[in-house]
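# Secondary and tertiary structure notes
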Amino acid sequence: MSEIPSVVDVCPHCHQRTALEGKAKVVKAKGGDNYHEPYWVEHWELRQCVSCGQPILRETLFVDIDEGDASEKTLFPTPTRGSMAGIPESVAKAYEAARSVQSIEPNAYAVLVGRLLEAIAVEQGLGG
Ligand SMILES: [Zn+2]
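With that out of the way, let us pick up the overall build of the protein chain. Along the backbone of the protein chain there are two helices and five strands. When the helices and strands of the protein chain are placed in sequence order, the string is β-β-β-β-β-α-α. Looking at the protein chain residue by residue over its 128 residues, the buried ones come to 7%. For the protein chain, long-range pairs separated by at least 24 residues make up 34% of all intrachain contacts whose partners lie at least 6 apart in sequence.

See below:
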């Protein structure tokens, strides 16, 4: 098995911009006219955040390997946006803002949780 390079990206668990260590790569599917050089490859990558230690599973589709075109989506953890369906935009924004600093800055987190509660109160007609 070949070595998987680390990447620096925002961890979907702790929201820190940090190194995501490559742990495993599995070629899911590939195809093309040339038997030796497929023109598209789809693979899964398992990474581990060096800050929080949580796993991240990503699916990458290289449409044209020579051109370097790749589309990537995170399979785990599933994006929190999906579970925000039906939640008012102002509340969702306040929630995302609070979560983004949760593991970095406790004081800012406390302030933003206060704003989240305020946004909920306003949505419920209790603000002022
Ligand atoms: Zn993390």
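Attention shifts here to the pairing of strand β2 (residues 17-31). Relative to β2, strand β1 (residues 7-10) runs antiparallel, the two being bridged by four bridges. Counted as the bridge partner of Val8 is Ala19 from β2. Remark: six residues form the turn of the hairpin made by β1 and β2, two consecutive strands paired antiparallel; His15 in that turn has positive phi of roughly 60 degrees. Note: β2 against strand β3 (residues 40-49), 10 bridges, orientation antiparallel. By the bridge assignment for β3, Lys30 is matched with Val41.

Glancing now at unusual backbone geometry. With an omega of -5 degrees, the peptide bond running from Phe76 to Pro77 counts as cis. With respect to the helices and strands, the residue Pro77 is situated in the loop between β5 (69-76) and α1 (89-101). Notably, His15 is not glycine yet its phi reads approximately 60 degrees, a positive angle. Structurally, His15 is set in the loop between β1 and β2. Given 17 C-beta atoms within 10 Å, His15 falls into the partly exposed group.

With that out of the way, let us pick up helix α2 (residues 106-123). The end-to-end C-alpha distance of α2, which contains 18 residues, comes to 26 Å, matching closely the 26 Å that a straight helix rising 1.5 Å per residue would cover. Among all positions in α2, only Leu112, Leu116 and Ala119 are buried. End-on view of α2: buried residues confined to an arc of 60 degrees, all on one side of the axis. Of the exposed residues in α2, the ones pointing more than 90 degrees away from its buried face are Pro106, Asn107, Ala110, Gly114 and Ala121. Residues of α2 that are buried in the fold lie against α1. One or two residues past the end of α2 sits Gly125, with phi positive at roughly 80 degrees.

Cut-offs applied
Residues numbered from 1 in each chain as written. Predicted model: local features only at pLDDT ≥ 70, side-chain atom pairs only at ≥ 80, totals over all residues. Helix = DSSP H or I, 4+ residues; strand = E, 2+ residues; numbered from the N terminus. Buried ≥ 20, exposed ≤ 12 C-beta atoms within 10 Å, placed from the backbone. Contact = placed C-beta atoms within 7 Å. Pairing = 2+ DSSP bridges. Expected span 1.5 Å × (residues − 1). Arc of directions from axis to C-beta.

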